[in-house]
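The residues making up each chain are set out below.
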Amino acid sequence: MTIPLPDLTPLENTLWLTLAGKALDYRAEHPILRDRTAYDLAAKLDLDTARFKLSASPVVGIAHRSLVMDDIVRRFVARRPDAVGLDLGAGLDTRVHRVDPPPTVDWYDVDLPGVAEARRLLLPERPHAHVIGRDLNDPGWLDEVPSDRPAVIVADGLIGFLSQEELAGLLDRLVRHFPAGEICFNGYTRFHVWAARKYAGTRSVAPFLKSPGFDTPQDIVRLEPRLKLVREIFLAREPEVAGYPWTTRLASRLTSWSTSLSRKGTAVQHYRL
C-alpha cells in the first residue's frame, strides 16, 4: 500500500529503526510490548524490517524499555490525573494509545517537523493528544505546553542523539517549566556509544549519535542537579526476562548479578523533577 509521506531528513528517518523493533517484537513467539498498532503500521507501510539486521537482543531491548516507561507513565497519571504527558523524540510511537491516560491528561508528542507530519498522517487522532513539530533544541516549543501542572516526561531512545550541552539545556528548560514531575529515559553509556558504531543493527542511526555517554545515573544528576534519582531499572533483573529468547535470556541472567555489566545492557533511568 502506497501512503504519501513527507520528505524526511536523514535524522528524521531514524524513526524507522524503533518502529521495526516494535513490529518484530509483536511477531515474536513471546512478545513483550505487544504493540499491535506498531505492527499494523509497519505492515501498512511495507516496512522492510529485515534491512535493519536486528537480532533478538535489541528487539527485546526496544520493546522492554518501552514497557517499563509505559508503566512509569501509568503510575504517575494514576496519582496525578491533572498531569501533562510529554513524549520527547516520539517518532511514530503509540505510547499515548498504549497507556490510555484519562481525559484530564493533556498529552504532547514532540518531534521534528517531518516526523510530526508523518504522525498526523499515520496515527489515529485522540482527544487531548497534541503533536508538536519542533526541534527540541529550540526553547520555543515549550510555549505550547502548560506550565502550571505536573508533568510525566518520556525520552525513549532520544538522549543518544543529543550532545552533552544539548541535553543539559533541555533538562534545564524542563525543570524550569514545570512545578513538579518525573522524567525517564533509557540509559546511554560510553559502551553504548561504542557498540552502536560497531553493531550492524544500529548502523543506520550511528552517524547521528552525539552523546558522549553517561556511565551512571549520577552523571545525569551532575549535569542537572535539580533532578533526583528515583530508580535505575535494569531490564536484565525484571520478570519479563523469563519470556526473552533463550540466548538473550541466558545473557541477561549472567549479567544481572553485576551493576556494571547490567548497565551494558538496557536500563531505564527514572528521575523526579
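This is a predicted model, so every value here is computed, not measured. Sequence positions are assigned chain by chain, starting from 1 and proceeding in written order. Per-residue local features are limited, in this predicted model, to residues with pLDDT of at least 70; the limit for side-chain atom pairs, both in listing and counting, is 80 or more; totals at the level of whole chains, interfaces and linings are taken over all residues. As a rule here, side-chain values cover all heavy atoms of the structure and leave hydrogens and water aside.

Caption draft 1: Quick look at the pairing of strand β3 (residues 129–133). Where strand β2 (residues 106–111) lies against β3, five bridges are found, and the strand directions are parallel. Each bridged residue has a counterpart across the sheet, and for Asp-111 the counterpart in β3 is Gly-133. Handedness of a crossover is defined as follows: with both strands directed away from the viewer, a clockwise route from the first strand across the helix to the second makes it right-handed. Helix numbers and strand numbers start at the N terminus; a helix is a DSSP run of H or I with at least 4 residues, a strand a run of E with at least 2. Between β2 and its parallel partner β3, the chain crosses via helix α5 (residues 113–122), and the hand of that crossover is right-handed. Between any two strands, pairing holds if DSSP finds at least two bridges.

Caption draft 2: Highlighting empty space enclosed by the protein. Think of a 1 Å grid over the protein atoms and nothing else: a 1.4 Å probe that fits but is trapped marks a cavity, an open set flanked by protein within 12 Å on at least five of seven lines marks a pocket, and residues with an atom within 4 Å of a point count as lining. Grid points are joined across faces, edges and corners, and a volume is the space filled by probe spheres set on the points. For the structure shown, the criterion picks out one cavity of 30 Å³ or more. Here the largest cavity defines a volume of roughly 50 Å³. Lining the largest cavity are Gly-187, Thr-189, His-192, Phe-214, Asp-215, Thr-216, Pro-217, Glu-232, Arg-263, Ala-267 and Gln-269. Throughout this entry, Asp, Glu, Lys and Arg are counted as charged residues, while Ala, Val, Leu, Ile, Met, Phe, Trp, Tyr, Cys and Pro are counted as nonpolar. The remaining residues, Gly among them, count as polar. The class makeup of the residues in the lining of the largest cavity is three nonpolar, five polar and three charged.

Caption draft 3: Quick look at a nonpolar patch on the surface. On the surface, a nonpolar cluster with roughly 360 Å² of combined accessible area is contributed by Trp-246, Leu-250 and Leu-254. Mapped onto the fold, Leu-250 is located in helix α9 (residues 246–255). Residues with no salt bridge and a relative accessible area higher than 30% make up the patches, which join like charges within 9 Å and nonpolar side chains (Val, Leu, Ile, Met, Phe, Trp, Tyr) within 5 Å. We get accessible surface area from the Shrake-Rupley algorithm with a probe of 1.4 Å; when it comes to residues, only the shown protein chains can shield them. Here, a salt bridge means any side-chain nitrogen of Lys or Arg that lies within 4 Å of a carboxyl oxygen of Asp or Glu.

Caption draft 4: A look at the pattern of salt bridges. Scanning the entire structure with this criterion turns up 27 salt bridges. Arg-98 is paired through a salt bridge with Asp-93; the nearest N and O atoms lie 3.2 Å apart. Under the relative-accessibility criterion, Arg-98 is labelled buried at 15%. In this structure, the salt-bridge partner of Arg-226 is Glu-224, at a minimum N-O distance of 2.7 Å. With a relative accessible area of 4%, Glu-224 lands in the buried category. Accessible area is worked out with a 1.4 Å probe on protein chains only. A residue is then buried under 20% of its type maximum, exposed over 50%, and partly exposed in between.

Caption draft 5: The arrangement of the pairing of strand β5 (residues 181–186) in detail. In terms of burial, β5 is largely enclosed, as six of its six residues are buried. Judged by which residues are buried, β5 turns out to be covered on both faces: Gly-181, Ile-183 and Phe-185 on one side and Glu-182, Cys-184 and Asn-186 on the other are all buried. As paired strands, strand β4 (residues 151–155) and β5 are joined by five bridges and run parallel to one another. Following the sheet pairing, Ile-153 is matched in β5 by Ile-183. Once you follow β4 into helix α6 (residues 164–177) and on to β5, the crossover reads as right-handed.

Caption draft 6: Fine view of the packing of helix α1 (residues 15–27) against helix α3 (residues 56–79). Where α1 contacts α3, the axes come no closer than 8 Å and their chain directions differ by 90 degrees. Here α1 lies roughly perpendicular to α3, going by the angle between them. Contacts from Leu-17, Thr-18, Gly-21, Lys-22, Leu-24 and Asp-25 of α1 reach α3 at Val-59, Ile-62, Ala-63 and Ser-66. For the contact of α1 with α3, the residue count by class is five nonpolar, three polar and two charged. Throughout, an axis means a line fitted to C-alpha atoms (over the contacting stretch in the case of helices), and angles, computed between N-to-C directions, take values from 0 to 180 degrees. Between 65 and 115 degrees an angle is taken as roughly perpendicular, under 35 as roughly parallel, over 145 as roughly antiparallel, and anywhere else as oblique. Any two residues having at least one pair of non-hydrogen atoms within 4.5 Å are treated as being in contact.

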